[in-house]
Structures are given as C-alpha cells and as structure tokens.
Amino acid sequence: MSRYYNDYLQHSDEDTLAHFGVPGMKWGSRKSRLSRVITSKNGDKLYLKNVNFFGKKIDGNYNIYNSSNKKVGFISYDRISDKHMHIDYITIKPKYRGKGYATSVIKDTIDRYKGTKIKQLTLDSAGLDKSAEHVYTKLGFKKSGNTINDKVWNDRTPMVYKY
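Presented here is an overview of the structure given in this document. (Residues numbered from 1 in each chain as written. Predicted model: local features only at pLDDT ≥ 70, side-chain atom pairs only at ≥ 80, totals over all residues. Heavy atoms only, no water.)

As a further point, take the pattern of salt bridges. With the rule as written, the count across this model stands at five salt bridges. A salt bridge links D111 to K114; the nearest nitrogen and oxygen atoms lie 3.4 Å apart. For D111, a relative accessible area of 32% corresponds to the partly exposed category. E133 serves as the salt-bridge partner of K143, at 3.2 Å between the closest nitrogen and oxygen. Residue K143 is found in strand 7 (residues 142–143), and its partner E133 is found in helix 3 (residues 130–138); the two are separated by 10 residues along the sequence. Assessed through its relative accessible area of 57%, K143 is described here as exposed. By sharing partners, the salt bridges in this structure join K107, D111 and K114 into a single network. (Salt bridge = Lys/Arg side-chain N within 4 Å of Asp/Glu carboxyl O. Buried < 20%, exposed > 50% of the residue type's maximum accessible area, 1.4 Å probe, protein only. Helix = DSSP H or I, 4+ residues; strand = E, 2+ residues; numbered from the N terminus.)

The following block contains the structure:
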C-alpha cells in the first residue's frame, strides 16, 4: 500500500486539509456527503460518503465508514468509456479487514452498474496483497492479461468482471 493512502486513512475528514495555499483562503477540511448505505456480509452497516473537494463532488471517490462513524476505508473508480468502469483503488484499514467490508463494497459497485450500459468493470490486483485477488475472483472477476511488472505495487494483475 502506498504511503500516500496510509497517511490518508490515518486522518479523519476533519483533519484532512483542503487548502493549497491560495491567498485569502482560510484553512478548511475536506467534507463528505452520505451517498450510499450498504450492509456487509456480517450485518454491519457501511456508509459510503462521496468525497467533496472545495464544495464539488468528486464522482467515484468514496470514504467508507462503519456504523460508529469511523473511517474504515476508501474506494475510487472511474468511467473509462460508456461501457467500461475501472476500480482505481480500494483499501480497508488493517484493523477492519476480515469483516467482509471490501467484498461488500465491491459487490455493491458491481450491483450498481447491472442493467446499465456498463458491460465490464476492471481493476488491477496488486501483488502486495494476495488475499485481495481471492476476493476479486470470488466476486466473479477473471484475470484479463499478463501480470504487469510494477515495483511500487509488487506487480499488478489486470482483472475484469463482465456483465
């Protein structure tokens, strides 16, 4: 996991500065609005809050909170074309892993685009976390290409879910 995302996950929304040194601006915080509520396989409620930056919603970027309003993770995805979505990144804080949170959030993403024009959802499985590839395979993703040599992520395996 990159240092940037480790740092990002250790701060609450209130702690995350949204100021980049623009003269006359006051220090502020990045704010999120409730976007979706999902239930994990063990019955925990998860709240996906759309990340806002300077009052603008950033589509496809969600902080993940549990029912105690603790940030447990983050997911980011983008529309590549009219028929293709790509999950750029998903992470769950280590102390919240093993509860089915990542599985539930990815399943929700899959379900969200069923019956739409989207025909495939892709992601890259990082070699740093072999257990993640098991989650993706369990949800119906298939390897879609050769492993990409990547020193940062310890190699990446492209995977695809086809509707």
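Text resumes after the structure shown.
In this fold, H84 is placed in strand 5 (residues 84–92). Of the polar contacts made by the side chain of H84, one reaches the side chain of T122; its length is 2.7 Å. Discounting chain neighbours no more than four positions away, the residues touching H84 are D78, R79, I118, Q120 and T122. (Polar contact = N/O pair within 3.5 Å; in protein donor to acceptor, adjacent residues only side chain to side chain. Contact = heavy atoms within 4.5 Å.)

Bringing unusual backbone geometry into the picture now. At N69, a position not held by glycine, the phi torsion is positive, near 60 degrees. Mapping N69 onto the fold places it in the loop between strand 3 (56–65) and strand 4 (71–81).

Here we take up the pairing of strand 5. Of all nine residues that make up strand 5, eight are buried, and the element is covered over most of its length. In this structure, strand 4 lies alongside strand 5, joined through eight bridges in antiparallel fashion. Paired with D78 across the two strands is H86, which belongs to strand 5. Hairpin connection from strand 4 to strand 5: two residues lie between these consecutive antiparallel strands. Here strand 5 pairs with strand 6 (residues 120–126) via four bridges, running parallel. Bridge pairing links H86 to T122 in strand 6. Read as a crossover between parallel neighbours, the route from strand 5 over helix 2 (residues 101–113) to strand 6 is right-handed. (Pairing = 2+ DSSP bridges. Right-handed = clockwise from strand over helix to strand, strands pointing away.)

Before going further, it helps to examine the packing of aromatic side chains. The tally for this structure, following the rule as stated, stands at five aromatic pairs. Between Y77 and Y113, the aromatic rings sit 6.2 Å apart at their centres with planes inclined by 90 degrees, giving edge-to-face as the arrangement. With a gap of 36 residues between them, Y77 in strand 4 and Y113 in helix 2 connect regions that are remote in the sequence. For the residue pair Y77 and Y113, the accessibility class agrees, reading buried in each case. Members of the aromatic cluster, each reached through a chain of ring pairs, are Y136, F141, Y161 and Y163. Here K49 stacks its cationic end above the ring of Y65, 4.3 Å away from the centre of that ring. (Phe/Tyr/Trp six-rings, centres within 6.5 Å; stacked < 30°, edge-to-face > 60°. Lys NZ or Arg CZ within 6 Å of the ring centre and 35° of its normal.)

Judged by its relative accessible area of 12%, Y113 falls in the buried class. The spatial distance from the C-alpha of Y113 to the C-alpha of M85 is 8.9 Å, given a sequence separation of 28 residues. Setting aside anything within four residues of it in sequence, one finds Y113 in contact with Y77, R79, M85, I118 and Y163.

None of the figures reported here should be taken as evidence of function without further support.
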